[in-house]
Amino acid sequence: MSTIALQDLWDTIAGYNLSTANKRWLAEHLIEQVEAEEQAEPYTVAELVTMAENGRKQIAKGQSYTSEQVLEMCERA
């Protein structure tokens, strides 16, 4: 995300006039997410291949949705 986009995001958040408790909650959740991402291990090639094969098998069994079905679900949500 660009610096300009981040500044726009910051300006939007600042416009909500959050309480100190709300700001602390938001900050803690952002930090938790960053720490979780830093600890995440990247997938191995073997894991990626296995996931792709499992996906192909699910599609072959009809255990998937079309793009139109997904869009309909999103509209109903």
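Residues numbered from 1 in each chain as written. Predicted model: local features only at pLDDT ≥ 70, side-chain atom pairs only at ≥ 80, totals over all residues. Heavy atoms only, no water.

*Asks:* Can you walk me through a nonpolar patch on the surface in this structure?
*Replies:* A cluster of nonpolar side chains, Met1, Leu6 and Leu9, forms an exposed patch at the surface whose accessible area comes to about 340 Å². If you trace the backbone, Leu6 turns up in helix 1 (residues 3–15). Relative accessible area serves as the criterion here: at 44%, Leu6 is assigned to the partly exposed category. (Patch = residues over 30% accessible without salt bridge, like charges linked within 9 Å, V, L, I, M, F, W, Y side chains within 5 Å. Areas by Shrake-Rupley, 256 points an atom, 1.4 Å probe, with all protein chains shown as cover. Salt bridge = Lys/Arg side-chain N within 4 Å of Asp/Glu carboxyl O. Helix = DSSP H or I, 4+ residues; strand = E, 2+ residues; numbered from the N terminus. Buried < 20%, exposed > 50% of the residue type's maximum accessible area, 1.4 Å probe, protein only.)

*Asks:* Quick question: what am I supposed to make of helix 3 (residues 45–60) here?
*Replies:* Given a rise of 1.5 Å per residue, 16 residues ought to cover 22 Å, and the 23 Å separating the end C-alpha atoms of helix 3 matches this to within 8%. Two residues or fewer after helix 3 comes Gly62, characterised by a positive phi angle close to 80 degrees. (Expected span 1.5 Å × (residues − 1).)

*Asks:* I keep staring at a negative patch on the surface and nothing clicks. Help me out?
*Replies:* Residues Glu28, Glu32, Glu35, Glu37 and Glu38 make up a contiguous surface patch of negative charge. For Glu28, the position within the fold is in helix 2 (residues 20–39). (Lys, Arg positive; Asp, Glu negative; His and termini not counted. Charge placed at Lys NZ, Arg CZ, Asp CG, Glu CD.)

*Asks:* So what exactly am I meant to see when it comes to the pattern of salt bridges here?
*Replies:* Side-chain pairs of opposite charge can arise where the charged atoms are in close proximity. In total, this model carries one salt bridge according to the counting rule given. Across the salt bridge formed by Arg56 and Glu53, the nearest N and O atoms sit 2.6 Å from each other. Here Arg56 pairs with Glu53, and both are found in helix 3, just three residues apart, close to one helical turn.

Keep in mind these numbers describe shape, not what the thing actually does.
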